[in-house]
Amino acid sequence: LINYIIDTSIFNETNLHRKGFGFTPNAISKISKLYNYIEIGVPVLVEGPTATSKTISIEVACQLSNRKLIKINCCSENNPFYLINNFLYDQNSLKGISMAPGQFVDAYKNGHTILLDQIDLANQECLQFIAKALDSKVLSIDIPGKPFEEIKMHENFRLVATMNSINNHYTNKRQSIDTKVLS
């Protein structure tokens, strides 16, 4: 792996706009590793107990690398349609809403970093959709009433996900993530 050197003097609350976040040696080490993986394009899964700064560490690493971070909170109701589309209020539409590309499509197409927060809450259909998009590097979108669309993965697209440890108190609604998705 390529190791990017980070000037650790920038790890402070003023520079990174993170009030109350303690930049301990352990936190700096974790953020540096995340930064390196994000820079070289390795998808990252951050696993750990609840409330251990997984999400904020990713936010700080993206801030350091000047990457736009798009966050999706995963849940069992998420499905590929949710990742592909976004419904917007539209006063000019007869229905009052219009459809725009979803957050996953935006990040995939425009080279942003996507954070799938609590990925272990996502349903299997959603996880398989994401795995296929990463493997093929093409996002195939087939929505009834719209033309079939294929979107190539932008070279700067990055994927980061978080999940709580499997052995903690909050595992009752969590999905086990199969090895194909994890790879």
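The structure displayed is predicted, hence computed values, not measured ones.

Topic: the overall build of the chain
Counting its secondary structure elements, the chain contains seven helices and eight strands. Considering the chain as a whole, with its 183 residues, one finds that 41% of them fall into the buried category. Within the chain, counting contacts between residues at least 6 apart in sequence, those at least 24 apart form 68% of the total. In the structure as shown, the chain presents an accessible area of about 10,800 Å², 52% of it carried by carbon and sulfur atoms.

Thoughts on the sheet that holds strand 1 (residues 44-48)
Here we have four strands laid out as an open sheet, ordered 1-8-5-2, and parallel in their pairing. Unpaired on one side and paired on the other, strand 1 and strand 2 (69-73) mark the two borders of the sheet. Here the average twist between neighbouring strands, direction ignored, is 20°. With four bridges connecting them, strand 5 (residues 113-117) and strand 8 (residues 158-164) associate as parallel partners. Within strand 8, the residue paired with Ile114 across the bridge is Leu159. Sheet strands in contact with helix 3 (residues 54-64) are strand 1, strand 2, strand 5 and strand 8, and its direction is about 160° off that of strand 8. Sitting on the sheet, helix 5 (residues 103-110) touches strand 2, strand 5 and strand 8, and the angle it makes with strand 2 is about 150°.

Structural notes on the side chain of Asn164
You can see Asn164 is positioned in strand 8. For Asn164, a relative accessible area of 3% gives the class buried. Side-chain polar atoms of Asn164 contact the side chain of Thr50, separated by 3.4 Å.

Here we look at unusual backbone geometry
In the Ramachandran plot, Ser53 falls in the positive-phi region, its phi being about 70° despite a non-glycine side chain. By the element assignment, Ser53 lies in the loop between strand 1 and helix 3. A relative accessible area of 32% places Ser53 in the partly exposed class. Phi is positive for Lys137, which is not a glycine, with a value near 60°.

Some words on helix 2 (residues 25-40)
Between its first and last C-alpha atoms helix 2 spans 23 Å; for 16 residues at 1.5 Å apiece the expected length is 22 Å, and the two agree. For helix 2, the complete set of buried residues consists of Ala27, Ile28, Ile31, Ser32, Leu34, Tyr35, Asn36, Ile38 and Glu39. Buried-residue contacts for helix 2 involve strand 1, helix 3, strand 5 and strand 8. Backbone geometry just after helix 2 places Gly41 at a positive phi near 90°.

Considering helix 5
All of the buried residues along helix 5 are Phe104, Val105, Ala107 and Tyr108. Looking straight down helix 5, one finds its buried side chains confined to an arc of 165°; they lie on one side. Phi for Gly111, located one or two positions after helix 5, is positive at around 75°.

Considering the packing of aromatic side chains
Within this structure, the stated rule accounts for four aromatic pairs. When the ring of Phe104 is compared with that of Tyr108, the centres are 5.8 Å apart and the planes differ by 25°; the resulting orientation is stacked. Separated by four residues within a single helix, Phe104 and Tyr108 lie in helix 5, roughly one turn from each other.

Thresholds applied
- Residues numbered from 1 in each chain as written.
- Predicted model: local features only at pLDDT ≥ 70, side-chain atom pairs only at ≥ 80, totals over all residues.
- Heavy atoms only, no water.
- Helix = DSSP H or I, 4+ residues; strand = E, 2+ residues; numbered from the N terminus.
- Buried < 20%, exposed > 50% of the residue type's maximum accessible area, 1.4 Å probe, protein only.
- Contact = heavy atoms within 4.5 Å.
- Areas by Shrake-Rupley, 256 points an atom, 1.4 Å probe, with all protein chains shown as cover.
- Pairing = 2+ DSSP bridges.
- Axes fitted to C-alpha atoms, helices over the stretch in contact; angles between N-to-C directions.
- Polar contact = N/O pair within 3.5 Å; in protein donor to acceptor, adjacent residues only side chain to side chain.
- Expected span 1.5 Å × (residues − 1).
- Arc of directions from axis to C-beta.
- Phe/Tyr/Trp six-rings, centres within 6.5 Å; stacked < 30°, edge-to-face > 60°.

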